[in-house]
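One letter stands for each residue in the lines below.
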Amino acid sequence: MLYDTVPGGAGHVQRIAERLPDVLDRALGRVRNCECGPETSCYRCLRVFRNERYHEQLRRGVAADVLGRLLGKTDHAPAGALRISLSDVHPALTATRRFLVSEAPGEVFEPVASGQLDLYEGRVVLASRDGKAAVGRLWLRRDAHGIVGAGLQQRAGAPLDGEADGLAVIGVAVL
Ligand SMILES: [Zn+2]
């Protein structure tokens, strides 16, 4: 239930009612794309001084799920997200915002800085090697000197297993 706290009302509720789909859509964008973790909340998404008592219970990921279902947008990608196909992947490809991979429906990827493979061990990634690309869970093989092998438990795309050096992670699936 929505009500105005100003005596007599300031007309906000009526304006919200008139533009409810827009309001919900903007709210969804806010809770989906905030910089805080989906299992928490902050003053840019759900927290205001007035709900201070509940701050620890407010989780923007749950709010995004509810709003997404209400609006029939259960895909948790930002509206208008970049969509990449494995065949589009080339060495110079850099994503600057979240993106989708056509061959991996249901996953939303975040661009990553190349180099630090161990940060993404065990995560679902979009990676490339020698101009070939794949989506899958990243595995690493180590010896006494460090990481010597890397590849993907592939879900889609070409096999990328080989030396750690040649493997480039382009994006990691958002948890
Ligand atoms: Zn937030």
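Residues numbered from 1 in each chain as written. Predicted model: local features only at pLDDT ≥ 70, side-chain atom pairs only at ≥ 80, totals over all residues. Heavy atoms only, no water.

Caption draft 1: Summary view of the pattern of salt bridges. Scanning the entire structure with this criterion turns up five salt bridges. Salt-bridge contacts for E35 lead to R44; the nearest nitrogen and oxygen are separated by 3.5 Å. The class for E35 is exposed, based on a relative accessible area of 69%. Here E121 makes a salt bridge to R142, at a shortest N to O gap of 3.0 Å. A residue pair is termed long-range when its members are at least 10 positions apart, and E121 in the loop between strand 3 (109–111) and strand 4 (124–129) and R142 in strand 5 (residues 132–143) qualify at 21 residues. (Salt bridge = Lys/Arg side-chain N within 4 Å of Asp/Glu carboxyl O. Buried < 20%, exposed > 50% of the residue type's maximum accessible area, 1.4 Å probe, protein only. Helix = DSSP H or I, 4+ residues; strand = E, 2+ residues; numbered from the N terminus.)

Caption draft 2: Representation of the coordination of the zinc ion. For the zinc ion, the full set of protein donor atoms is C34 (SG), C36 (SG), C42 (SG) and C45 (SG), at a range of 2.3 to 2.4 Å. For the zinc ion, the four donor atoms in the first shell make angles of 96 to 117° at the metal, a pattern classed as tetrahedral. Summarised as a motif, the one-chain spacing of the donors to the zinc ion is C-x1-C-x5-C-x2-C. What makes C42 buried here is its relative accessible area of 14%. (Donors = N, O, S within 2.8 Å, 3.2 Å for Na, K, Ca; no water. Tetrahedral: all angles 85-135°; square planar, octahedral: opposite > 155°, others 65-115°.)

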